[in-house]
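Architecture and fold: a report
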Amino acid sequence: MKDSFQLYLRLLAYIKPYWRVSALSMLTMAAVALLNPLMGQQMKFLVDDVLIAKDQDALLRVMLMLIGIVVCKSLAEYASSVASQWVANKAVEDLRRFVFEHHMRLPFSSVQAQTSGRMLSRVTYDIPQVGTALSNAWIIVIQDTLTVLALLGWLLYNAWHLTLIIIATGPVIAWIIRKASTGMRTSNRAQQTTMGEMTSTVEEQLAGLREIKIFGTQQHEANRFADIATRLRKETMRVVRISAANVPMVQVLAFTAVAGVLYAAGRLAASGQLTPGDLMAYVTVTSLIFEPIRRLTNINATIQRGLAGAQSIFELLDMEPEVDSGTQQIERARGEIRFENVSFAYPGQDTPAVNDLSLTIAPGETVAFVGASGSGKTTLMALVARFFEIQSGRILIDGIAVQDMPLTTLRSQLALVGQHAALFDDSVGHNIAYGRQGADMSEIETAASQAHAMEFISKLNQGFDTRIGTNGNQLSGGQRQRLAIARAFLKNAPILLLDEATSALDNESERVVREALVELRRDRTVLVVAHRLTTIRDANRIVVMERGRIVEIGNHEQLVNANGAYARLLASGEDIVEDAGAGAVSEMQMFNETVARG
Ligand code: ADP
Ligand code: MG
């Protein structure tokens, strides 16, 4: 209970900016509540003045008053409903924005710890539930509580001994509600997790549709989804059962109380202690109490769902963002990168992905990283960009540790062309412009032609304005890569991190992409995870990695002659591929012969 209270207090902070409208909605709710006992009062006049005293003027007056009360009450109800929904939807909008923004500031280690489905269902499913708890629930809790209090107040004032009967049921009702809350909160949390799983599964289905079709695993996926859907139904029904049981229990209790009041009032009226009008008023007022009490018990389900949603949202908002405490500014780095005894293990893993690694890369140098899959090449690049925090050692750019620079300063020095360029469902032009905010059209065109992307962009129906579909699925692998390269040209950062694609490209696109990359590498410090022989040969130095360590450094000839790890890699032919095009094959044969001779 204390827990819920604190959650609610924290939620209230999101309503605070809109306190004026909140106050307005409270006022209108109070008006609704206070107008209720007036109805009972009029019923007394109807019986005592009109029916018994036979006063025709009073009849008209009572009727006009009743209509007036109902009109005012309806207007107030409309205003309170719109005002509180407005506040709640503002809070929902804010929460959605905060969650989205906060998620972008989280370090990869935290992002990785949760599924993307969970994140999606937070925004789409949990937050609206908080909104409902803030709007509907809020109206009902406040308005109905006030109504009950106003009616009770009227009853107490007019006949306190009758009212005690109703008040006596209070503790029992409270006990029922409390019992139900605990059960519902647990089930709601389970429901949220399942909802996240469901979102994940749909996401995976969308992304893996090719695999699903080609491996014929439709049935397997359908079963997996059906399991989740069933689980979700069961969890939902658990909440439904608890909340449905709640209502009749309270209903019986409340009606018994009302019957008790009727009985007592009837006895008093019979013995002349109450006028018939008083009796009528009591009956009206006690029957008015009945509905808000029923609603109040029912709303508990909504509140518990909202609180469970709030809990999950606050969990996310409480995650620490990326540490960004560096203050050393640099304009444009010369591009010297130094690794000093760098060690890093992914969260929850014992073996380090990068192990006590030291290396100095001169400005303008191109260093190719080769090594078996899993040797830590991609990780090393990620560490330069500070996507993860190293556990020991230092990484310095132009002599400044990456932690000592603001993240934006650090990352503005880096351009990243990865194996899977993330494209957005927008025009080609906007996707390239992602490389630098505020770039103008001529700069975008220059970047596109430098990246050899003009060749295909000019053939698109709407040129730069062509939309490329979710994650660029209307483009080929080579075209996507060239857009990524165009972005890097546009960004024009002094350091280029390149994670080379292996066999994703056909020969022709591979040739074009390679040519584009040759230009991009000019006058920059380049760290390239290389799989192609030409890239490797073009590099000033080759770094051979094994299990997070450097095992060899040198140029191609040196390493071939050393006949060590590099030579073995070449011979295995798994991690280094020959290039497309006629010349490459014979070159490859030459190397193999060299290796054989050496
Ligand atoms: P490479 O790029 O050389 O193939 P990686 O740098 O991707 O190697 O991986 C190095 C090691 O770290 C591997 O053992 C891999 O399993 C592990 N690893 C890579 N990425 C992650 C991650 N996001 N979370 C946990 N472990 C990871
Ligand atoms: Mg890799």
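Just so we're clear, the structure is a prediction, and the values are computed from it rather than from any experiment. (Residues numbered from 1 in each chain as written. Chains lettered and ligands numbered in written order. Predicted model: local features only at pLDDT ≥ 70, side-chain atom pairs only at ≥ 80, totals over all residues. Heavy atoms only, no water.)

Regarding the nonpolar core
With 49 residues, the main nonpolar core has V370, I432, I457, L483, I485 and Y566 as its most contacted residues. Residue contributions to this core peak at seven residues, all from helix α16 (residues 477-491). Counting residues in hydrophobic clusters, the runner-up holds 34 residues, among them I361, F369, L383 and F388. (Core = buried A, V, L, I, M, F, W, Y, C linked by side-chain atoms within 4.5 Å. Buried < 20%, exposed > 50% of the residue type's maximum accessible area, 1.4 Å probe, protein only. Helix = DSSP H or I, 4+ residues; strand = E, 2+ residues; numbered from the N terminus.)

A short note on the pairing of strand β9 (residues 541-546)
Pairing of strand β3 (residues 366-371) with β9 involves five bridges; the strand directions are parallel. Within the sheet, the bridge partner assigned to F369 lies in β9 and is V543. Where β9 meets strand β10 (residues 549-554), five bridges bridge the pair, whose relative direction is antiparallel. Bridge pairing in β10 places I542 opposite G554. Hairpin remark: β9 followed by β10, antiparallel, with two residues in the connecting loop; positive phi at R547, about 45 degrees. (Pairing = 2+ DSSP bridges.)

A word on the packing of aromatic side chains
The description of an aromatic ring pair uses the distance of the two centres, along with the angle that the planes make with each other. By the definition in use, this model includes ten aromatic pairs. Measuring from ring centre to ring centre gives 4.9 Å for F344 and Y346, while their planes differ by 75 degrees; the resulting arrangement is edge-to-face. Under the relative-accessibility criterion, Y346 is labelled partly exposed at 21%. An aromatic cluster is present here, built from F108, F344, Y346, F387 and F388 joined pairwise through their rings. (Phe/Tyr/Trp six-rings, centres within 6.5 Å; stacked < 30°, edge-to-face > 60°.)

Some points on the UniProt feature "transmembrane region" (unreviewed entry) in the protein chain
Here, UniProt's "transmembrane region" (unreviewed entry) annotation points to residues 18-38, 58-76, 159-177 and 239-265. As annotated, residues 159-177 has a helix share of 95% and a strand share of 0%, and its two end C-alpha atoms lie 28 Å apart. Annotation note: span residues 239-265, helix share 100%, strand share 0%, distance between end C-alpha atoms 39 Å. (UniProt positions renumbered as here; feature names shortened; annotations may be inferred.)

What about helix α9 (residues 218-270)?
For the α-helix, the turn length of 3.6 residues means that residues three or four positions removed from each other point alike. Under the 1.5 Å per step criterion, the end-to-end length of α9 is 76 Å for 53 residues, consistent within 8% with the ideal 78 Å. Phi for G272, located one or two positions after α9, is positive at around 80 degrees. (Expected span 1.5 Å × (residues − 1).)

So, the sheet that holds strand β2 (residues 354-361)
Taken together, the four strands give an open sheet; going across it, the order is β2-β1-β4-β5, and neighbouring strands pair in antiparallel fashion. Pairing within the sheet leaves two strands with one partner each, and these edge strands are β2 and β5 (400-401). As paired strands, strand β1 (residues 337-344) and β2 are joined by five bridges and run antiparallel to one another. Each residue of the ladder has a partner; that of F344, found in β2, is V354. Together, β1, β2 and β4 (392-397) form the strand contacts of helix α11 (residues 377-384), whose direction differs from that of β1 by roughly 115 degrees. (Contact = heavy atoms within 4.5 Å. Axes fitted to C-alpha atoms, helices over the stretch in contact; angles between N-to-C directions.)

With respect to the sheet that holds β10
Strands sit in the order β6-β7-β8-β3-β9-β10 across an open sheet of six strands; the sheet is mixed. A strand with exactly one partner marks an edge of an open sheet, and here the two such strands are β6 (414-417) and β10. On average, adjacent strands in this sheet sit at an angle of 20 degrees to one another, irrespective of strand direction. Relative to strand β8 (residues 525-529), β3 is paired through four bridges, and the arrangement is parallel.

Remarks on the packing of α16 against helix α17 (residues 507-521)
Packing of α16 against α17 leaves a shortest axis separation of 10 Å and a crossing angle of 10 degrees. By the angle class used here, α16 and α17 are roughly parallel. Facing G478, Q481, R482, I485, A488 and F489 of α16, the residues of α17 in contact are S509, V512, V513, A516, L517, E519 and L520. Here the contact of α16 with α17 is composed, by residue class, of eight nonpolar, three polar and two charged. (Parallel < 35°, antiparallel > 145°, perpendicular 65-115°, else oblique. Nonpolar A, V, L, I, M, F, W, Y, C, P; charged D, E, K, R; others polar.)

Things to note about the site of ligand 1
Around ligand 1, the neighbouring residues are Q112, Y346, Q349, A353, A372, S373, G374, S375, G376, K377, T378 and T379. With respect to ligand 1, the side chain of T378 contributes an N or O atom lying 2.6 Å from an oxygen atom. Out of a free accessible area of 560 Å², ligand 1 has 65% covered by protein chains. Here the element with the most residues in the shell around ligand 1 is α11; it accounts for three residues. Across the shell around ligand 1, the residue classes break down as three nonpolar, eight polar and one charged. (Near = heavy atom within 4 Å. Polar contact = N/O pair within 3.5 Å; in protein donor to acceptor, adjacent residues only side chain to side chain. Areas by Shrake-Rupley, 256 points an atom, 1.4 Å probe, with all protein chains shown as cover.)

Structural notes on the domain arrangement of the protein chain
Parsing the protein chain into structural domains produces domain 1 (14-317) and domain 2 (330-413 + 526-598). Its C-alpha centre places domain 1 at a distance of 61 Å from the equivalent point of domain 2. (Domains from an automatic or database assignment.)

Some remarks on the confidence of the model for the protein chain
This prediction gives the protein chain a mean pLDDT of 85; 95% of its residues lie at or above 70. Contacts of residues 581-598 to residues separated by more than four positions or lying in other chains number 13 contacts, the stretch itself having pLDDT below 50. (pLDDT = per-residue confidence, 0-100.)

Considering unusual backbone geometry
Negative phi values dominate among residues other than glycine, just as trans dominates among peptide bonds. In this structure, D398 is a non-glycine residue whose phi angle is positive, near 50 degrees. Within the fold, D398 resides in the loop between β4 and β5. Backbone geometry places N492, a non-glycine residue, at a positive phi of 55 degrees. Its location among the elements puts N492 in the loop between α16 and β7 (495-499). The class of N492 is partly exposed, set by a relative accessible area of 38%.

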